[in-house]
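A closer look at the structure
Chain by chain, the residues:
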Amino acid sequence: MKVRMCCAGLQNLLQGLSFSAKYYSKHNPPQTMCLYSKMGLKKWHILGCSKSICTHRTAPPGSILPCRFFSCKEGTKVPSKRKQNTATVTSGLLHKNLLKSEQKNWNNISPTYRAMTKRIKEKLEELHNMYTLNSGSPRMRFGENVYFEENGCIFLAKADHAEGNAEIVFSVEDFGFSDAFIQRIRISPDQKYMAISLKSENSEEATCIIMKLGNLPVVEKVIPSVFSFEWAANDVLYYTTQKNLKCQNVFMTTFTYQKHTKLVYTEQDARFFVDLYCTKDRRFLTINSNSKTTSEVWLVDCRHPFESPALVQARTTGVIYHIEHRKDQLYILTTYGEPAEYKLMKAPVTSSGKENWQLVYALEKKTKLVDFEMFSDDCIMFLKTAGHLYLNVISFVSHSVQSIKLPTWACEFELESHPEHTTSTCYFQLSSPVHPPKRFAYSFKENNLIEQAVQEVPIIKNCHTTRLLAKSKDETLVPITVFHNKNSKELHRRPLLVHVYGAYGIDLNMSFKEEKLMLIEEGWILAYCHVRGGGEQGLSWHRDGCQHNKLKGVHDLRACIMLLHQLGFSQPRHTALAAASAGGVLAGALCNTDPALIRAMVLQAPFIDVLNTMMKTHLPLTIEEQEEWGNPLEDEKCMKYIKSYCPYQNIKPQCYPSVFITAYENDERIPLTGILQYVQKLRKAALDHASRARKKGNWIPNIILDVQANGSHCDSSWEHSLNEVARHLAFLNRELEEASYPQHHSKSCK
């Protein structure tokens, strides 16, 4: 079916424009973010407002693990001295030589893993086809029309008609961009316009295309470097622009009689990032300016979209807040007041200052607010307590709160799009690393939870889930979620894969992944360590693991792995550790302090040189990152503290585990030079130790770096993700197999 649109000249117009990866979610605290699944279809994030891919700071569902927010993209400052120019050239040559050396090393060693990689890829493709065939893309209903996206096309169907008669209103392929995918869709209230953002996997900047819908959809406008966008009225679009990973400007553009574009808002503070959101009843468009600890919101009245925005509450250090609206009342999700956890408060639109905020509902201690959705007479909160998910329904009519415990196997949820706030049913999906998404519905009328019997999804029946608590160095109890095959015997001999992140208040990503299911079927044990610095037990859990508390996360990880071994879940020579992005800080630190606890480690785009990166203020995001890591330039105590745990700074000659690192040439957040230098230094330390020991059977670890020319920190295509995961698992299988049968190999672990 051919797309019905006029696109003459559009391909030429779009050539040369780059696309972006980030986007923001209004429901989640501004210090969190997410990626989409590395092993799943890119469908779920398109239509809804509640979740997104690699957002600037939004809560997970995402890739193998969430990404770090840092940028390694150098500024355009021109060195003024000849000496600086010489240093820049020298640094560039060093980077080039190191990269060439590592590429040669990978080309030499990669054939070792080829056969096993091929087998794993075939199995993952089989599982992927099995589960994706049973899952459809999200549907978004506007009156009599239903919109959905599949395989780069946006379809329009009548709600009461068969979807086989759906019309294609937009197709990425027809624009000639084979590497671009649809990131976000917003449809105007009268359904006459549709705004779409496109991005490719090799860039973090997006392009917004505005289509005029009708019998022959046409391209109305193309806006480069757009981050977020919302319709304030039928023909009035507000959008933010992105430059050097920052969003600080808000524009308004119109499409009918007096077409024009004007600047509406500019954020002056480099620590703050701006995004847009429309309240559920579409009464207000909110301009949200957030740092990792502080918020400020401005309101645009959608009935009068050309009037200047009105301030809700001036920013107050340490106070985060988000806005919803119902019947002339602002409902404010905020950390204001004690304790500094999320609360739901309200205030009149006309008197919105915090002195007028009245408490509606407060979360209990050690409870994580996962998501929040507003409806006409109720709101729903998805909460996480002690590793379990709960659905709390707050009725504004009866002034009651109902708490429903969700199935115990559930670890992640995904709220579906509900454009019409008057709907009587809330739909969402539950999943776990080894359980494919299952659809559920909560009926406000019936006051009950219903499991949706769509197409039956095959689910592994013999997987056991265990929740543990490990006692850390300071006696704090740290949650662990463990999955293993019920039929597995002698668990102490089984391979164990430990996952960790512990930064930005982000939960470990525990959404469904085909590779996790495959590992369970093959007898592996999977453990997720919810260490401090993450967000699993609320905002205080994050505060206890950031800045001058970062070492607590390392202590938590050590305690978790030791408890697993003590309880008979594997043993050090069968244990591997997996981390990505900022999770590389804790994983790399543990590698230095307790290398004997693990046999192998896989890292994806890891952040492993905290000190040197935080000293470079010319990087676009260094200033706002200080709220997570501290400011070593102005605080000598902070510098010493970062140096005490920084993975790169603490490498020393000792018996290290084997390490496999994947990095990306186009990664704008993690400096590739730092990763290259880390690998060189780690390899040298391991060889120095082996040469000093000079004992028979002394084991030399494999230190491997795979630098990908395609892909970026936040996104990879399905094909690239498949290859990446298969290589990681092939590496782990070989390393742990060698540990089990050292007599078959020339090198053994002492």
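Residues numbered from 1 in each chain as written. Predicted model: local features only at pLDDT ≥ 70, side-chain atom pairs only at ≥ 80, totals over all residues. Heavy atoms only, no water.

What the protein contains, in helices and strands, is 12 helices and 35 strands. Within the protein, buried positions represent 60% of all 750 residues. Within the protein, contacts between residues at least 6 apart in sequence are counted, and of these 63% link residues at least 24 apart. Of the accessible surface of the protein, which amounts to about 29500 Å², a share of 50% is contributed by carbon and sulfur atoms. (Helix = DSSP H or I, 4+ residues; strand = E, 2+ residues; numbered from the N terminus. Buried < 20%, exposed > 50% of the residue type's maximum accessible area, 1.4 Å probe, protein only. Contact = heavy atoms within 4.5 Å. Areas by Shrake-Rupley, 256 points an atom, 1.4 Å probe, with all protein chains shown as cover.)

Moving on to the sheet that holds strand β16 (residues 321-326). The strand order across the open sheet formed by four strands is β16-β17-β18-β19, and the pairing between neighbours is antiparallel. Here the strands that pair on one side only, and so sit at the sheet edges, are β16 and β19 (358-362). For this sheet, the mean inter-axis angle between neighbouring strands, taken without regard to orientation, is 25 degrees. Of the strand pairs in this sheet, β16 and strand β17 (residues 329-334) are connected by six bridges, and their pairing is antiparallel. Note on β17: the bridge partner recorded for H325 is L330. (Pairing = 2+ DSSP bridges. Axes fitted to C-alpha atoms, helices over the stretch in contact; angles between N-to-C directions.)

To continue, consider the sheet that holds strand β15 (residues 310-313). Strand order in the open sheet formed by four strands is β12-β13-β14-β15, and the pairing between neighbours is antiparallel. The sheet terminates laterally at β12 (273-278) and β15, the two strands that pair on one side only. Going across the sheet, the axis of each strand differs from the next one's by a mean of 25 degrees, ignoring polarity.

Looking now at the packing of aromatic side chains. Within the structure shown, the criterion is met by 23 aromatic pairs. Aromatic side chains F382 and F413 sit 4.1 Å apart centroid to centroid with 15 degrees between the ring planes, which places their arrangement in the stacked category. Note that F382 is positioned in strand β21 (residues 378-385) and F413 in strand β24 (residues 412-415), a separation of 31 residues in sequence. Across the pair, exposure class does not vary: F382 and F413 are buried alike. Ring centres of F607 and W629 lie 5.3 Å apart, and the angle between their planes is 75 degrees; this geometry places the pair in the edge-to-face category. Within this pair, whereas F607 is found in the loop between β33 (600-604) and α8 (610-614), its partner W629 is found in helix α9 (residues 622-629), the two being separated by 22 residues in sequence. Summarising the burial analysis for this pair, F607 and W629 share the class buried. Connected via pairs of aromatic rings, a cluster forms that spans W106, Y113, F660 and F731. One cation-aromatic arrangement involves R184 over F229; the distance from NZ or CZ to the ring centre is 5.5 Å. Here K681 stacks its cationic end above the ring of Y648, 4.4 Å away from the centre of that ring. (Phe/Tyr/Trp six-rings, centres within 6.5 Å; stacked < 30°, edge-to-face > 60°. Lys NZ or Arg CZ within 6 Å of the ring centre and 35° of its normal.)

What follows is about the pairing of strand β32 (residues 575-580). In terms of residue burial, β32 counts as a mostly covered element, since six of its six residues are buried. Along β32, one buried face is formed by T575, L577 and A579 and the opposite face, lined by A576, A578 and A580, is buried too. For strand β30 (residues 496-499) and β32, the ladder comprises four bridges, and the chain directions are parallel. Counted as the bridge partner of H499 is A578 from β32. The parallel pair β32 and β33 is bridged by helix α7 (residues 583-593), and the resulting crossover is right-handed. (Right-handed = clockwise from strand over helix to strand, strands pointing away.)

What follows concerns helix α4 (residues 514-521). Burial analysis of α4 places seven of its eight residues in the buried class, which makes it a mostly covered element. Within α4 the residues assigned to the buried category are E514, E515, K516, L517, M518, L519 and I520. Of the residues flanking the end of α4, it is G523, one or two places downstream, whose phi is positive at about 95 degrees.

Now for the confidence of the model for the protein. Residues with a pLDDT of 70 or more make up 82% of the protein, whose mean pLDDT is 83. This stretch, residues 1-84, has a pLDDT under 50; its non-local contacts, to residues over four places away or in other chains, come to 369 contacts. Segment residues 742-750 is flagged for pLDDT under 50; beyond a separation of four residues in sequence, or across chains, it makes 14 contacts in the model. (pLDDT = per-residue confidence, 0-100.)

Our next topic: the packing of helix α6 (residues 550-566) against α7. For any two helices packed against each other, the geometry comes down to the angle between their axes and how far apart the axes lie. In contact at an axis separation of 9 Å, α6 and α7 are set at 65 degrees when each is read in the N-to-C sense. Accordingly, the angle class assigned to the pair α6 and α7 is roughly perpendicular. Remark: the crossing between α6 and α7 carries right-handed chirality. Here K550, G553, V554, L557, R558 and I561 of α6 lie close against α7, whose contacting residues are L586, A587, A589, L590 and T593. (Parallel < 35°, antiparallel > 145°, perpendicular 65-115°, else oblique. Left-handed = near helix turned anticlockwise from the far one by under 90°.)

Here E628 is to be found in helix α9. One polar contact links E628 to H542, side chain to side chain, over a distance of 2.8 Å. Look past the residues within four positions of E628 in its chain and what remains in contact with it is A503, Y504, H542, C546, Q547 and K550. (Polar contact = N/O pair within 3.5 Å; in protein donor to acceptor, adjacent residues only side chain to side chain.)

Structurally, S398 is set in the loop between β22 (388-395) and β23 (401-405). In this structure the side chain of S398 is engaged in a polar contact, spanning 3.0 Å, whose partner is the side chain of S395. A distance of 2.7 Å separates the side chain of S398 from the side chain of S400, its partner in a polar contact.

Another point: unusual backbone geometry. Look at the link from E338 to P339: it is a cis peptide, with omega at -10 degrees. Tracing the sequence through the fold places P339 in the loop between β17 and β18 (343-348). Its identity is not glycine, yet Q547 carries a phi of approximately 50 degrees, on the positive side. Along the chain, Q547 falls in the loop between α5 (539-543) and α6. Take Q547: its relative accessible area is 28%, and that puts it in the partly exposed class.

Here helix α3 (residues 114-132) is 19 residues long and its end C-alpha atoms lie 26 Å apart, about the 27 Å a rise of 1.5 Å per residue gives. Among all positions in α3, only T117, I120, L124, L127, H128, Y131 and T132 are buried. The buried residues of α3 occupy an angular sector of 115 degrees when projected down its axis, which confines them to one face. Those residues of α3 that are exposed and angled more than 90 degrees off the buried face are A115 and K118. (Expected span 1.5 Å × (residues − 1). Arc of directions from axis to C-beta.)

This part covers the pattern of salt bridges. What the rule picks out here adds up to 32 salt bridges. Where E122 meets K118, a salt bridge forms, and the shortest distance between an N and an O atom there is 2.9 Å. Of the two residues, E122 and K118 both sit in helix α3, four residues apart, roughly one turn of that helix. For K118, a relative accessible area of 53% corresponds to the exposed category. (Salt bridge = Lys/Arg side-chain N within 4 Å of Asp/Glu carboxyl O.)

Right, let's talk about the environment of K637 for a bit. Locating K637 in the fold gives a position in helix α10 (residues 636-645). The exposure class of K637 is exposed, given its relative accessible area of 70%. As for K637 and H548, which are separated by 89 residues in sequence, their C-alpha atoms are 9.2 Å apart.

Another point: the packing of α3 against α4. One can describe the packing of α3 onto α4 by two numbers: an axis separation of 9 Å at closest approach and a directional angle of 115 degrees. Comparing the axis directions of α3 and α4 gives the class roughly perpendicular. Both α3 and α4 take part in a crossing whose hand is right-handed. Residues I120, K123, L124, L127, H128 and Y131 of α3 lie in contact with α4, whose contacting residues are E514, E515, L517, M518 and E521.

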